Amino acid sequence: PVTLSAQFPFLSRQPCVVRGAAVLAWVFACGVAPVRAAAPAPDGARLYRQQCADCHGERGEGVKGKRAEPLTGDWTIAKLARYVAANMPDDNPGTLSAAESEAVSRHLHDAFYSREAQARLNPPRLELARLTNEQYVIAVADLLRSLSGGADVAGEEARGLSAVYFSAAQRGRFDTSKIAHRGVDATVVFTFTPGQAAHDRVGTAELSAQWRGSVFADETGDYEFVVRTPNTVRFWINTELDALNPADARLDVNVSTPRQPDHRVTVRLLGGRRYPLAIDFWALPGKADEPPPAIALRWKPPHGSERPIPARNLSSARPRPTYVLGTRFPADDSSLGYARGVTISKAWDEATTSAAFEVANHVGRHVDRLAGTRAGDAGRAQRIEELAARFVTGAFRRPLAAEERRVFVTERFASAGDPESALKRVVLLTLKSPQFLYPEIPAGRPDSHRIAARLALGLWDSLPDAALNEAAAAGALGNREAVSAQARRMLGDGRTRAKLREFFQHWLELRYVEDVGKDPGLYPDFNADIIDDLRASLLDFVEGVVWSEASDFRELLRAEYLPLNRRLATFYGLPAPEGDEFVRVPAAAGERSGVLTHPYVLAALSYRRTTSPIHRGVFLTRNIVGRTLKSPPIAVAFDDAEFTPDMTMREKVTKLTRPESCQGCHDVINPLGFSLEGFDAVGRVRREENGRAVDVSSEFISEDERPLRLTGPRDVAAHALASERSLEAFVERLFQHVVKQPILAYGPRTVTTLRESFVASGYHLQKLLVEIVTLAALQGSQPPTATTTQPEGNRS
């Protein structure tokens with residue numbers, strides 16, 4: 001303010017009107033504009049309450065019937081402000097000034113929208129969790145396997161089944177004096193006619209054969225096995241091969257009709273394991289009008305079509321059977337992107353009871369084999385009681401206290417009329433006990449046995465093995481180095497590979513693919529065999545990278561080769577290898593970029609006739625770039641008939657998502673999706689669409705509001721590998737899949753610390769996995785100190 005009274009003292013003695021007129025005259029005479037008080041900054045909290053809370057809730061929790069979805073995400077304040085300015089409030093969008101939009105956005109971002117705000121409002125905590133459905137089934141399988149005491153049949157392992165051919169056919173008998181040939185068959189698909197190799201091994205129209213070995217299940221699920229033959233066959237799967245009983249055969253048929261029937265059986269198998277398999281086959285000379293002797297072993301695996309069992313899934317190794325629980329459980333809660341054992345329902349309780357009875361009956365039927373006894377043996381009851389004690393100890397993942405042994409074992413055998421009934425009661429009581437169902441009971445600072453149990457759950461979804469139990473009993477798991485050493489040992493187990501394979505199926509969204517088929521008029525050669533090969537190729541690629549010595553995550557995103565067999569290479573116009581096995585086939589320089597451009601991923605994220613930049617873009621946004629997306633305010637289905645035929649897919653998507661309400665998400669989705677338009681609906685490279693050059697370039701705004709120029713999928717991969725947020729999103733998803741807990745519950749810097757060690761290791765995936773399980777296993781084992789790197793976390 002100008003203090004004119006100091007310069008013109010007489011004014012202080014004049015009336016206010018005179019003083020005011022004099023001031024104005026002086027101001028205008030000097031050419032100075034009147035000074036106005038600065039307008040107050042908009043109050044973002046007040047504006048939110050007035051304009052937004054009715055639809056979004058006081059803390060962005062959502063309002064049923066209006067905007068039910070919580071107001072959370074990863075947009076910057078600047079991006080939020082642009083969206084608010086264009087779209088809010090709902091009843092009168094565009095009425096807030098730029099300053100008001102920025103103030104509202106800053107308030108909601110800091111109060112509840114951002115990840116940091118959510119962590120402050122709802123501190124993550126370790127949840128008291130039960131076994132997930134998969135953990136329950138695997139734990140029971142491994143518990144019974146550990147008690148059986150047997151060993152796998154020794155011998156040199158070869159790919160394929162061991163085969164013995166006989167020049168005679170006597171059903172139920174195989175005369176060793178009639179052996180005509182021994183060997184290993186990569187597959188069992190034979191027709192015994194003169195001139196065929198299989199016939200020439202025997203040389204007679206009357207023949208029989210035996211195949212023995214195992215089949216490897218890539219993933220957990222229902223497998224349908226098919227034996228196609230017009231002859232007599234018995235088939236066993238997951239049965240003791242050294243004590244085969246015709247009554248136990250899964251298939252036992254005698255067919256003499258002049259046709260080739262299919263004989264089918266469906267069994268549930270756990271992924272990452274081999275299961276014993278056996279076939280007995282007899283063929284007598286037939287009539288002239290009957291088909292020649294033949295046999296074909298086929299299967300239909302989960303997410304696949306029926307086909308001959310590939311040689312890579314067959315082995316001459318003869319493992320022991322694995323008990324696979326038949327009881328089905330209600331689905332686990334997967335609302336946060338990973339299966340969690342946090343829901344307790346009547347259906348789940350009934351399922352655990354049914355499962356306990358199923359296991360108890362199985363143990364009762366095989367009590368002598370499990371206990372190593374025979375009826376009438378002296379001391380049989382005592383040995384069965386010891387078996388019961390070992391069952392409880394294994395299920396509880398630690399030695400039994402004296403009181404626990406009395407309650408769970410001794411009293412059961414004292415009150416039962418016979419040892420078999422007592423054992424079944426022990427099994428029922430154990431499998432329904434909290435000590436089995438809730439691995440973290442009892443609570444408190446974990447000892448070596450709980451650390452061992454955490455390692456086994458993290459890497460195997462199972463129970464500790466003998467080596468872990470021995471280390472725990474010796475107190476040898478009390479420091480980080482010892483725990484990491486055990487974790488590295490456990491990486492070589494097939495159960496670790498199965499669990500990591502399951503993770504990558506979720507990460508690549510293979511679990512949600514229902515139909516990859518295409519319009520046969522446009523893609524006549526894209527058949528079931530191609531689709532099955534593509535899926536196997538993708539998993540072969542991922543596992544080849546993960547379990548290599550380098551184990552380099554970067555290769556997953558930017559590899560310039562594809563694992564292909566002859567059929568796939570021919571379809572995709574690449575140099576064809578010999579045979580049906582997958583080999584690395586290099587693509588043209590700069591053409592492919594790891595999983596981003598694997599044909600199975602591209603085909604799965606396309607329509608039946610055309611590509612889908614939106615589906616592809618959403619996948620890249622969430623899974624590769626690590627950005628969050630909300631459900632669209634209005635669901636708009638893509639209808640190709642609404643566009644003129646001369647438009648490209650890029651032009652169609654641009655027009656469909658042009659409304660301002662769509663751009664909040666599609667300014668991220670579309671550029672990423674357009675980067676993959678150089679590949680058609682089956683993942684083949686294309687340069688043109690509708691006679692016009694395909695445009696894959698776009699302007700993309702990074703999470704920190706930096707503009708990036710994308711000219712194809714390799715630019716997307718480069719951005720993801722350079723982005724801290726992208727890497728932390730991957731680390732968090734792997735952590736949650738392995739540990740089944742929220743990562744922030746282990747400390748606010750856990751994800752940052754893991755990302756930094758991941759990058760420092762050369763993006764080594766195996767080392768990251770070891771870091772994750774080691775951190776989780778040691779959680780709470782030591783009081784935090786100034787030098788302790790172990791996050792403390794909270795526990796419910």
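Predicted, not measured: the structure shown is a model, and the values here were computed from it. (Residues numbered from 1 in each chain as written. Predicted model: local features only at pLDDT ≥ 70, side-chain atom pairs only at ≥ 80, totals over all residues. Heavy atoms only, no water.)

**Looking at the overall build of the chain**
Point 1. Secondary structure assignment for the chain yields 30 helices and 18 strands.
Point 2. In the chain, which comprises 796 residues, the share counted as buried stands at 50%.
Point 3. Within the chain, residue pairs in contact and separated by at least 24 positions form 71% of the contacts whose partners lie at least 6 positions apart.
Point 4. Put simply, the chain shows about 36,400 Å² of open surface, and 52% of that area lies on carbon and sulfur atoms. (Helix = DSSP H or I, 4+ residues; strand = E, 2+ residues; numbered from the N terminus. Buried < 20%, exposed > 50% of the residue type's maximum accessible area, 1.4 Å probe, protein only. Contact = heavy atoms within 4.5 Å. Areas by Shrake-Rupley, 256 points an atom, 1.4 Å probe, with all protein chains shown as cover.)

**Describing helix α25 (residues 649-656)**
Point 1. For α25, the complete set of buried residues consists of Met649, Lys652, Val653 and Leu656. All buried residues of α25 lie within an arc of 95 degrees about the axis, which places them on one face of the element. (Arc of directions from axis to C-beta.)

**Considerations on unusual backbone geometry**
Point 1. Residue Pro89 is bonded to the preceding Met88 through a cis peptide linkage, with omega at -5 degrees.
Point 2. For Pro89, the location among the structural elements is in the loop between α5 (77-87) and α6 (98-113).
Point 3. At Tyr763, a position not held by glycine, the phi torsion is positive, near 60 degrees.
Point 4. Topologically, Tyr763 is positioned in the loop between α29 (750-760) and α30 (765-777).
Point 5. By relative accessible area, which is 11% here, Tyr763 ends up buried.

**Section: the pattern of salt bridges**
Point 1. By the definition in use, this model includes 61 salt bridges.
Point 2. A salt bridge links Arg380 to Glu420, with the shortest nitrogen-to-oxygen separation between them at 2.7 Å. With Arg380 in helix α12 (residues 380-396) and Glu420 in helix α14 (residues 419-431), this pair connects stretches of sequence that are 40 residues apart.
Point 3. A relative accessible area of 13% places Arg380 in the buried class.
Point 4. For Asp695, the salt bridge goes to Arg650, with nearest N and O atoms at 3.6 Å. Placement of Asp695 in the loop between β16 (692-693) and β17 (698-701) and of Arg650 in helix α25 is noted, with a sequence separation of 45 residues between them.
Point 5. Judged by its relative accessible area of 37%, Asp695 falls in the partly exposed class.
Point 6. One continuous salt-bridge network, built from bridges that share partners, spans Glu224, Arg228, Asp262, Arg264, Arg298 and Glu306. (Salt bridge = Lys/Arg side-chain N within 4 Å of Asp/Glu carboxyl O.)

**Things to note about the packing of aromatic side chains**
Point 1. One pass over the structure, following the stated rule, counts 31 aromatic pairs.
Point 2. With 5.1 Å between their ring centres and 25 degrees between their planes, Phe174 and Trp282 make a pair best called stacked. Residue Phe174 is found in the loop between β1 (161-166) and β2 (179-185), and its partner Trp282 is found in strand β9 (residues 273-283); the two are separated by 108 residues along the sequence.
Point 3. Accessibility expressed as a relative area gives 19% for Phe174, which makes it buried. (Phe/Tyr/Trp six-rings, centres within 6.5 Å; stacked < 30°, edge-to-face > 60°.)

**Considerations on the side chain of Ser448**
Point 1. Mapped onto the fold, Ser448 is located in helix α16 (residues 448-460).
Point 2. Apart from the residues lying within four places of it in its own chain, the contact partners of Ser448 are Ala472, Gly475 and Leu477.

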